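Architecture and fold: a report
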Amino acid sequence: CSILRPVKTTATANTMSEPRVFHSATRLPDGTVLIAGGGTDSAGDVTNTADIYNAGTNSFSPTGSMDMARAAHAAVVLTTSALAGNVLITGGAEGGSGGLSPSATAETYDPVAKTFTYLSSFMNDGRVFHSATVLASGNVLLVGGFNSFFSTVDGSTRTLSRLFGSTLQSAEIYDPVANNLHLRAGNRIRWSSVQSFDEDGARRAYGYLVSFGPIGGSGAARRRTGCRKAEYDFDRTERSRALQSDH
């Protein structure tokens, strides 16, 4: 494994516990990075293992195992409640070379105890390649992704194909205080590609075509040419600012 820098790559002191693709890499409050799950081979097998990368020692070390093996999931650091600093991990593809399916499960990772805890509540939809955005309230917005996830493994070559299925138009909220998930009723995402990033301390979301029906009197953000900013409400108490770019 190597770290990409502007002019060269630097080899790490050791390697991850397993080869991975479609895994998550989440920066923890102490500066280390949680690397979780992912696909491990061309046949579509997925893993529940996780590693911590320490930049100070330039090395990886195993840490716990997720309750579910998953790949193409979403992972974010929680900012409020007793779970602040923990990582929320949602959805992803579960199964293996015998067939993959979208997961509706979620779990949290405690970086102090170095343990994963399975959530008793489930998402309304199994989601793969969805987005997870931490809102100003501390709640987490889960948007879109693939459902009816189809995968085919060639019996002779054991090569995975038909990776994607149909897309979702739904969104859900994770509440870290109640530690549960619930569907956002009434919202419609025409084509979701929302991600999160920090800019001057602000947490924002952006996407290529995000269109929400009226919720609690809110309007809709619609596609236009060029770059623009648009505000939309998920309800009367939670807001996110979208930065939309159309090339």
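Just above, that's the structure.
We now turn to the structure provided with this report. (Residues numbered from 1 in each chain as written. Predicted model: local features only at pLDDT ≥ 70, side-chain atom pairs only at ≥ 80, totals over all residues. Heavy atoms only, no water.)

**Side note on the overall build of the protein chain**
When its secondary structure is counted, the protein chain shows 0 helices and 24 strands. Surface exposure of the protein chain reaches about 11900 Å², of which carbon and sulfur atoms provide 51%. (Helix = DSSP H or I, 4+ residues; strand = E, 2+ residues; numbered from the N terminus. Areas by Shrake-Rupley, 256 points an atom, 1.4 Å probe, with all protein chains shown as cover.)

**What about the packing of aromatic side chains?**
Tallied over the full model, the rule gives 5 aromatic pairs. Where Phe 129 meets Phe 146, the ring centres are 6.4 Å apart and the plane angle is 85°; that geometry is what we call edge-to-face. Here the residue Phe 129 occupies a position in the loop between β12 (115-118) and β13 (131-134), and Phe 146 occupies one in strand β15 (residues 146-147), the gap between them amounting to 17 residues. A relative accessible area of 32% means that Phe 129 is categorised as partly exposed. Site record: aromatic cluster; members linked through ring pairs are Phe 22, Phe 129 and Phe 146. (Phe/Tyr/Trp six-rings, centres within 6.5 Å; stacked < 30°, edge-to-face > 60°. Buried < 20%, exposed > 50% of the residue type's maximum accessible area, 1.4 Å probe, protein only.)

**Concerning the pattern of salt bridges**
Within the structure shown, the criterion is met by 4 salt bridges. In this structure, Glu 107 and Arg 70 form a salt bridge, with 2.7 Å as the shortest nitrogen-oxygen distance. Residue Glu 107 is located in strand β11 (residues 106-110), and its partner Arg 70 is located in the loop between β6 (59-65) and β7 (74-77); the two are separated by 37 residues in the primary sequence. Here Glu 107 and Arg 70 have matching classes, each one buried. The salt bridge partner of Arg 127 is Asp 125, with a shortest N-O separation of 3.8 Å. Within the structure, one salt-bridge network assembled from shared partners comprises Asp 125, Arg 127 and Glu 172. (Salt bridge = Lys/Arg side-chain N within 4 Å of Asp/Glu carboxyl O.)

**Digging into the pairing of strand β19 (residues 171-175)**
Where burial is concerned, most of β19 is hidden: 5 out of the 5 residues are buried. Residues Ala 171, Ile 173 and Asp 175 point to one face of β19 and Glu 172 and Tyr 174 to the other, with burial holding for every one of them. Pairing analysis gives 4 bridges linking strand β14 (residues 140-143) to β19, with the strands arranged antiparallel. Note that in β19 the partner of Leu 142 across the bridge is Glu 172. As paired elements, β19 and strand β20 (residues 180-183) share 4 bridges and run antiparallel to each other. Bridging across to β20, Glu 172 finds its partner in Leu 183. (Pairing = 2+ DSSP bridges.)

**Notes on the environment of Thr 12**
With respect to the secondary-structure elements, Thr 12 resides in the loop between β2 (9-11) and β3 (24-27). Considered as a pair, Thr 12 and Asn 58 are 46 residues apart in the sequence and their alpha carbons are 5.4 Å apart. One polar contact links the side chain of Thr 12 to the main-chain carbonyl oxygen of Asn 14, over a distance of 2.5 Å. (Polar contact = N/O pair within 3.5 Å; in protein donor to acceptor, adjacent residues only side chain to side chain.)

**Looking at the sheet that holds β13**
Strand order in the open sheet made by the 4 strands is β13-β14-β19-β20, with antiparallel pairing throughout. Looking at strand neighbours, the two that pair on one side only are β13 and β20, the edges of this open sheet. Recorded for the sheet is a direction-independent mean angle of 25° between the axes of neighbouring strands. Summarising the sheet, β13 and β14 pair through 4 bridges and their orientation is antiparallel. Paired with Val 134 across the two strands is Val 140, which belongs to β14. (Axes fitted to C-alpha atoms, helices over the stretch in contact; angles between N-to-C directions.)

**Quick look at the pairing of strand β10 (residues 99-102)**
Bridging between strand β9 (residues 93-96) and β10 involves 4 bridges; their strand directions are antiparallel. By the bridge assignment, Ala 93 is partnered in β10 with Pro 102. Where β9 hands over to β10, the hairpin turn is made up of 2 residues, counted between the paired strands.

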